[in-house]
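Report on the structure
As a plain string of letters, each chain reads:
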Amino acid sequence: MKTITEAAILESLRQVIDPELGCNIVDLGLIYSVSVADAKIAVVMTLTTPGCPMHESIRCGAQNALLNIDGVEAAEVEVVWDPPWHPSMMTEFGRSATGVGTF
Amino acid sequence: MSAAAKSSKAKPGSAVTPFGAHAPSVALPLAFILTGLLALCAGTGWLVLQPELLATYHYNQNVIAVTHLFVLGWICSVVMGAMYQLVPVALETKLYSERLARWHFVFHLVGFTGMVWMFRVWNMKQVGHFGCVLALGVGLFVYNIARTLRRVPKWNATATAVGAALFWISLAVSAGLFIAVAKCSYDSTEGLAAAQGVRTLVGGLRSVAGFMSRFDAIGAMHAHAHLGGVGFFTMLIVGVSYKLVPMFTLSEIQSKRRAASSIVLLNISLAGSFVMLLLRSPWKLAFVLLGVASLAIYGWEMVAILRARKRRTLDWGIKYFLTAIGLLFPLSALAVVLCWPVLPLNVFTGQLENVYGFLALVGVVSLAIIGMLYKIVPFLVWFSRYSSQIGRAQVPSLAELYSTRVQALGYWTLMAGIGWTCMAAAISSGVGVRLGCGLLGLGVATLAFNVGLMLTHLLRPKTKPFAWPTPPVPNPA
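Remember, predicted model here, so these are calculated numbers, not experimental data. (Residues numbered from 1 in each chain as written. Chains lettered and ligands numbered in written order. Predicted model: local features only at pLDDT ≥ 70, side-chain atom pairs only at ≥ 80, totals over all residues.)

1. Section: helix α3 (residues 61–90) of chain B
- Helix geometry: α3(B) is bent most strongly at B:M83, by close to 40°.
- Positive backbone phi, at 55°, marks B:E92, one or two positions downstream of α3(B). (Bend = angle between axes of the 7 residues up to and from the residue. Helix = DSSP H or I, 4+ residues; strand = E, 2+ residues; numbered from the N terminus.)

Next up, the structure:
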């Protein structure tokens, strides 16, 4: 059976964008944790703002992306607000792509 | 402590589709918005063809008709359609009834088109009848949004402003109907039998007409316009921006007390100035100054929100919206001038009133609406076509649904058109007004072009397959 790595999971999640900001959710720093157990993936993530109209779309998009990975049997995506998202969580690429300042 | 919002499990082969808990169907707000855009094109074209409407004194049938085309056809259509979408989203709740909203659309369309046409031919009895149809729609709208507000989990400044706006729009529509009734004569009631219910109804309307005739017609008209313009549109701009500006600039409210006090003061100012305008009292100046103070507090909070923003680069949609907010300040200054007790009643003063109305409806409200349309329409289109594809294929971002170059061009042509038209109207130049409104027309054309681009995605979605398999990632283990 193929090993599912964290790097592969993040690579897959990079296919999911926040349509308002036009950047993928990994470089936006929205992914808090990733865990794999018995071909089942659990991701904990956040969004840039509570009440985001894209909430369901992005969460379902992340779930769909995880299910695209070879060998994955089930995927769970949990959205949390604590700790709240902050731009300092973004990668350099994310900051330059969205016009967010340096922190 | 982890505050989990939502999680779910899924298995391969059963791709997940977002259910859009807070959003109503896309067709409903789009129907309102497209109706509004058609009215905007018609209204702008009307001003180009008849520039004297702004270059001469405003109390005539064509000015009233074109004003209602802008206010009801363009602004109300878009604002009400957007509220069906935005209120549930911004306040994290669900729309009470889509069915009522669909009926509202029918009443709204019939009501405003009939009213504009009947104002044009100056048939006030029919204006009243079509006004009743419109009022029925507004009643459904107010009931629907009020029931939606009751579901709001956390009451805040935005919810308070939306609630207040519902109250003021109800009063504005009632005042408009009273004015229409006051201008009608129901001579035909004399021929009706005493027992007929309709005679009682019309008798009641005649009593209303008698009561309203005690007020000065211009004062009543200004008070009615004031309720709609400040009570509904400005109240919504202020309230909604406390939610949307932080959301789109990645910031947050800096002082809840400042936000709340701006809304409370605006409501007090509105109530007082409405009565004083109706009575043509010099005390209206005091309440207008209170309103200016409330807008200054609002501006203070907006500056604080923008200073604390994490997204340094502002997109054009936000620039349109913030420019509209900035124009509230020259508009407020003009309001103070027009309320000055010893202001001479001459031709120039009449023209300043035209500039005030134009700057309010086109400079502030329309610019704010266009800014928000650049957020709402892409969202509606994207949600309809791409929300089920995200994570399964490459989907465009919201900004990729339209041309930002055309959007920027539209901003500058609209700004030039607004500025030019205001100056030309102030000096009663018909040629200048035509030129200014021609520039406005170009700005409107850029908006129509971009909305057209967005709508093409509904017919031909532009998704691309992922570059699977992704490059192999080395396993650190």
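2. Quick look at the confidence of the model for chain B
Residue and element names in this part refer to chain B.
- On average, residues of chain B score 88 in pLDDT, and 90% of them reach the 70 mark or higher.
- Averaged pLDDT values for the elements of chain B fall to 52 in strand β1 (residues 4–10) and rise to 97 in helix α13 (residues 404–426).
- Counting contacts from residues 1–6, a segment whose pLDDT is below 50, to residues more than four positions away or on other chains yields 13 contacts.
- Quick note on the complex model: pTM equals 0.87, ipTM equals 0.88. (pLDDT = per-residue confidence, 0-100. Contact = placed C-beta atoms within 7 Å.)

3. Here's the deal with the packing of α3(B) against helix α8 (residues 217–249) of chain B
Residues and elements named next belong to chain B.
- Running from N to C, α3 and α8 cross one another at 35°; their axes reach a closest spacing of 12 Å. The chirality of how α3 crosses α8 is left-handed. Side by side, α3 and α8 meet where V71, I75, V79, L86 and A90 of the first sit next to G228, F233, L236, V240, K243 and L244 of the second.
- The class makeup of the residues in the contact of α3 with α8 is nine nonpolar, one polar and one charged. (Axes fitted to C-alpha atoms, helices over the stretch in contact; angles between N-to-C directions. Left-handed = near helix turned anticlockwise from the far one by under 90°. Nonpolar A, V, L, I, M, F, W, Y, C, P; charged D, E, K, R; others polar.)

4. Things to note about the confidence of the model for chain A
- Within chain A, residue pLDDT values average 88, and 95% of them lie at 70 or more.
- Across chain A, the element-wise mean pLDDT spans from 87 in helix α3 (residues 92–98) of chain A up to 94 in strand β4 (residues 40–45) of chain A.

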